[in-house]
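One letter stands for each residue in the lines below.
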Amino acid sequence: MSEEVKNDIKLPTGKRLVLSSSPHISTSESVRKIMLKVLLAMVPVCAAGVWFFGLRALWVIVFTTACCVGAEALWCAMTKKPVLATIRDCSAAVTGVLLALNLPAGVPFYVPLIGAFLAIWLGKQIFGGLGHNPFNPALVARVGLLIAIPAAMTSWTPPRGMDQNYPELKEFRASVDATTCATPLGVAGQRPKLTDRTTAARINFSKLASGRLLLRFFWGVRGGCIGETCVPALLLGGLILFAFNLINWRVPLCFAGTVALFTGIVNICWPGVTPPPLFHLLTGGLLLGAIFMATDMVTCPITGSGCVVFAIGCGIITSVIRIWGNYPEGVSFSILFMNALVPLIDRWCTDRPFGYVRKRKSEVRK
Amino acid sequence: MMLGAIETGRILMAAALMAGAGVVLGAVIGAIARIFRVEGDSRVDLVTELLPGANCGGCGKAGCRDFAKSVVSGENPPGKCPVSTREQVGAIALALGVEVGEVAHKKAVVRCSGTLFTSDRVAYYNGIHKCSSAMLVGGGPKVCRYGCLGMGDCARKCPFGAIEIINNLAVVHEELCVGCGSCAAVCPRGVIAIVPAAAHVHVFCNSPEKGAQKRKVCRSACLGCGKCVRKDPEKFELEAGLARVKYSAPELPTAETVEAVGCPTGALAMTERHRQKASEETNAK
Amino acid sequence: MTFEGGIHPADSGKVLTDNRPTLTPPVLERYQVLLCENVGKPPKPVVNVGDQVGKYQLIAAADGFVSANLHSPTSGKVVKIGDVPGPMGIPAPAIEIEADGEDASAETFPGLAGWRDADPKELVKRLADCGLVGMGGASFPTHVKLSPPPDKKVDTLILNGAECEPFLTADHRLMLERPRDVITGAEIMARILGVDDVNIGIEINKRDAIESLETLAEGTKVKIIPLMVRYPQGSEKHLIQAIAGREVPSGGLPADAGCVVQNVATAAACTDAVLRGLPLVERIVTVTGEIVCRPGNWKLKIGTPLLEALRLAGGVTEEPGKIIFGGPMMGFAQRSLEVPISKNTSGILLLTREEALRHRSTSCIRCGRCVQGCPMHLASCLLATAIENGRWDLALQNHVMDCIECGSCAYVCPAHRPLVQLMRSAKMELRKKR
């Protein structure tokens, strides 16, 4: 077909056509944009972490992110995959920041370095890259570091505000030179467990969970990882994630709700065994885990009902580890455990397709 | 440190228990093997051992063991296996005491010569890189509706890695092909033909359209001019606008035949020459 | 009112042609009327090369029950009966007519003014005689749809005025310009089916159409139902769910849920056939796209070549990268410029090459947006992974045959996976194995 210029009308020649299947338009969203939005949601949490733990926390965040991106670049170079295209989707950066938020602020340089390789190589790339990993990479790294370098991973920097003379925080100021402190869960774990319903037991834990103390915990004046202390920052981050439709709201709600319910029941029946549920909600990595880690798209179930089952499972395991387990904190382990069950959950918790009638015994027929 | 009497006793007791458990379990396994034994012809196992084990289906049976059963039962001669060497076939024949049974072997040939450079594309195809998927989108990006799409469904299917995609055209490497037919089954365009292994000259075109139409879109198509048929009617025939080698003829065309005919577009060619031409990156006219 | 699932594709396209009234072009030189563009058997030509035909004259007769008549769009001479490039990318048989410019009408059917008392069977026969097919895209012969088997009790008629696809405005303009015909068409169909529950579903982004139809529907059985703007509201099954609150069983037809769904354009054509005795030979087509000089709505005769339609729209400002027949979500990309339009071409959309090649496909990140968006509630990403690995059994288990290929999943996927193409390839494989 030659180009026709007739009465100023230009007709197509058909020489530059593209053939593809419908649909011919699609959303402007991309994986990279999603990752950037997740990073945006983590900004309040990082800012809070830096506020409470100082510039060292900033260094940890930046260094961990750089190590993760570098680990991914190295892997791509070694396996002859396109390096820039893989880095461009920013998923390594997100893993880096998440991992940093899970580290204490005072970690020596080798902790983020090893953690980066654990997260990217062991947690993501050996499974085939983005989208193929069954486990949350940041959590794989955190748990790996916890087991391999427990001393560095449990030396908590005292946050800003702890040196002020609050009597209720006295027992959290562990060492004289104030380079480390204890976390509330750590302290609770060491309290003698009284399993009878004596008033002494109730008083024991209620002092730990007094209103003023809980308020301090809420604002973040407690020992912990960089990202897990400041609750308002975490909630703000969660709100941003929800606004951008990046997470399923059922997961944080059911996770936190299950922990509150479980520990609440145990606390009421056997008050000496565990502190009240509000204490559990505001301490440890629960909110960080529920909002940022358990909701990671790649390792979360795809249906709503599946997410509920997943979150309830996480909540139960977290509560059990916290109350009866050896470790003071159980969020990471519980999320990793439920991640392993996600393919099964996806298989079982499917939506009813349009036009099907569910018989009893979950048998689907037309 | 010397072991006391109690320790030795304990060790001996443990060892005796483990030995006893081993004997008992071994006996149980032996009994089960005896009770649930499936009677089979040991010759089938023998033949299966002697076969190459590619499970390609080239013999028409469902795998090597199935073929072994058919050889033992006499349904097929050992020579039917296209992958086995002469020595392997001879060994099987010797073991069973049967004739080798020469079977004319076959091989596959992709009868198209339209590469990226010689055959026009109507559009840029943007989708799943599979021939069967491309067919779903308006019949694929090539103007010619009969030619090879070159996205490699056949190459991926071939159990022997005998097909190479050169410049968007599938080309079979004769020396590796055993004629199992997997590629022909998976080609959505039906461009692959299974022909006698002795044939080395083919008409590399698949389109029955009129020569004038073909010439507009593909520089290496068969024009249906009939030169080859006129030169040698024993070896070639013309079906609509497409010339074909008569594979059932007593004599197959050779290099000299191709030279003598002088095909105007080169669609009639030796497989070697065809492969060379496919690698060329010019619009050979 | 709405259904569960679905997506909201960005639609900046409808404004291009929303306010452009439908124009009727002059008679062109050539028309290539496609023979096999309806579901069912293609009709058999009843004219030969060289015959003179008049407008509305029968040129191909239905072959069996599930087949539709074909009539000449203008007066002229039959010059060829053979293959032309078809809208599916493969050559399709067509009757080529060289117009003489007169547009002289052949004998048409008598108008049935007394249709309200006419025998429904007579009305159905009139629709069949006039070659009516579904004009929403499926091209199902209307007389077949309006004759449900006796064991299926139909009590609701629904007209599809949703026009959920971005860029298309043909149905909207029809409802604005011929509201009386749409209402009458609905009533005629209701008479044929013998139903009292007649609904026209219109998305609320077409307020003017809703109001104008509501005024005219007063006093009739016809109810105008405003629907929420959501894609794919115009899908049969989802219209039924939104308006009648019923779910068509999997593998079943709308009649299994007691409903019959027709497009508003088909209803208007119905009025033409019954009241005026005119067979179906033309339809409103939206010719649009950012690179079209004068996007608009045209009343094109069937068989209008694509290039002529583009010429009417003033040509293009740059070379298009994609020419789509239909809407951008479910339409077919064309590979040839010599394709003619047919009774079910609701739009011609041109996209630039940049738009066509904008996104590269990457691997699934399991974000779940496809699952949220699927109107059939399928687990699209899992299905796609199973299909990519050739697990047709898993795909069947996960209900791939229920996919309506609406494109919602592929639209929202941030990794831009070719999900619809994967579903189609699985359905093709599974059909081969049946």
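All figures in this text were calculated on a predicted structure; none of them were measured in a lab. Here the residue numbers are simple positions, counted from 1 along each chain's written sequence. A letter from A marks each chain and a number from 1 marks each ligand, given out in the order of writing. Two thresholds apply to this predicted model, a pLDDT of at least 70 for residue-level local features and 80 or more for giving and counting side-chain atom pairs, whereas whole-chain, interface and lining totals are computed over all residues.

1. A word on the interface of chain C and chain B
Residue-level contacts link 15 residues of chain C with 11 residues of chain B. Put simply, DSSP marks the helices as runs of H or I at least four residues long and the strands as runs of E at least two long, and each gets a number from the N terminus on. Residue assignment for the side of chain C that touches chain B shows that the elements contributing at least two residues are strand E15 (332–333) and helix H15 (419–433) of chain C. Residue contributions to the side of chain C that touches chain B peak at 5 residues, all from H15 of chain C. Counted by class, the side of chain C that touches chain B contains 9 nonpolar, 4 polar and 2 charged residues. Remark: residues whose backbone-derived C-beta atoms lie within 7 Å of one another are considered to be in contact. Classes in brief: Ala, Val, Leu, Ile, Met, Phe, Trp, Tyr, Cys and Pro nonpolar; Asp, Glu, Lys and Arg charged; the others, Gly included, polar.

2. Points about the interface of chain C and chain A
On the chain A side, the residues contacting the 63 residues of chain C number 40 residues. Elements represented by at least two residues in the side of chain C that touches chain A include exactly helix H9 (306–312), strand E14 (322–325), E15, helix H10 (353–356), helix H12 (380–388), helix H14 (408–412) and H15 of chain C. Looking at side-chain class alone, the side of chain C that touches chain A contains 36 nonpolar, 17 polar and 10 charged residues.

3. Examining the domain arrangement of chain C
All names here are of chain C. Segmentation of the chain into domains, including their bounds, is taken from an automatic or database domain assignment. Assigned domains within chain C: domain 1 (1–26 + 106–358) and domain 2 (369–433). The C-alpha-based centres of domain 1 and domain 2 are spaced at 27 Å. The partner domain 2 presents 12 residues to the 12 residues of domain 1 that form the contact. A breakdown of the residues in the side of domain 1 that touches domain 2 according to their chemical character gives 7 nonpolar, 5 polar and no charged.

4. Some remarks on the sheet that holds E14 of chain C
Residue and element names in this part refer to chain C. Strand pairing is assigned whenever DSSP detects at least two bridges linking the two strands. Judged by pairing direction, the sheet is mixed, and its 5 strands sit side by side in the order E13-E12-E16-E14-E15 without closing on themselves. The open sheet has two edge strands, strand E13 (296–301) and E15, and neither has a second partner. With 3 bridges connecting them, strand E12 (residues 282–288) and strand E16 (residues 347–351) associate as parallel partners. Each residue of the ladder has a partner; that of Val287, found in E16, is Ile348. Most of the contacts of helix H4 (residues 170–177) go to E12, to which it runs at about 125°, and overall it touches E12, E13 and E16. Each axis is a line fitted through C-alpha atoms, taken for helices only over the stretch in contact, and angles between the N-to-C directions span 0 to 180 degrees.

5. Comments concerning the confidence of the model for chain A
Residues and elements named next belong to chain A. Known as pLDDT, the predictor's confidence for each residue is given on a scale from 0 to 100. With 85% of its residues at a pLDDT of 70 or more, chain A shows a mean pLDDT of 85. By mean pLDDT, strand E5 (residues 364–365) is the weakest element of chain A at 40, and helix H5 (residues 110–122) is the strongest at 96. In this model residues 1–5 is a low-confidence stretch, pLDDT under 50, and it forms 6 contacts with partners more than four residues away in sequence or in other chains.

6. Here we look at the environment of Phe52 of chain A
All names here are of chain A. Residue position: Phe52 is located in helix H1 (residues 31–53). Taking the number of C-beta atoms within 10 Å as the measure of exposure, Phe52 has 25 and is therefore buried. With near-sequence residues (within four places) excluded, Phe52 lies in contact with Pro159, Arg160, Gly220, Thr229 and Cys230. As a rule, residues whose C-beta atom has 12 or fewer other C-beta atoms within 10 Å are exposed, those with 20 or more are buried, and those in between are partly exposed; C-beta atoms are placed from the backbone.

7. Here's the deal with the pairing of E16 of chain C
All names here are of chain C. In terms of residue burial, E16 counts as a mostly covered element, since 5 of its 5 residues are buried. Side chains of E16 alternate between two faces, with Gly347, Leu349 and Leu351 and Ile348 and Leu350 buried alike. Examined bridge by bridge, E14 and E16 share 4 bridges and lie antiparallel to one another. Residue pairing in the sheet places Phe325 in a bridge with Ile348 of E16.

8. Quick word on the packing of helix H14 (residues 286–293) of chain A against helix H16 (residues 331–348) of chain A
Residue and element names in this part refer to chain A. Where H14 meets H16, the closest approach of the two axes is 9 Å, and the angle between their N-to-C directions is 30°. In terms of orientation, H14 and H16 fall into the roughly parallel class. Along the contact surface, H14 presents Leu286, Gly289 and Met293, while H16 presents Val331, Ser332 and Ile335. An angle below 35 degrees is read as roughly parallel, one above 145 as roughly antiparallel, one from 65 to 115 as roughly perpendicular, and any other as oblique.

9. Considerations on the domain arrangement of chain A
Residues and elements named next belong to chain A. In terms of domain boundaries, chain A breaks down into domain 1 (31–153) and domain 2 (183–347). Mapped by element, the contributors of at least two residues to the side of domain 1 that touches domain 2 are H1, helix H2 (55–78), helix H4 (91–101) and helix H6 (137–148). In terms of residue count, the dominant contributor to the side of domain 1 that touches domain 2 is H1 (13 residues). Classifying every residue of the side of domain 1 that touches domain 2 gives 25 nonpolar, 5 polar and 2 charged.

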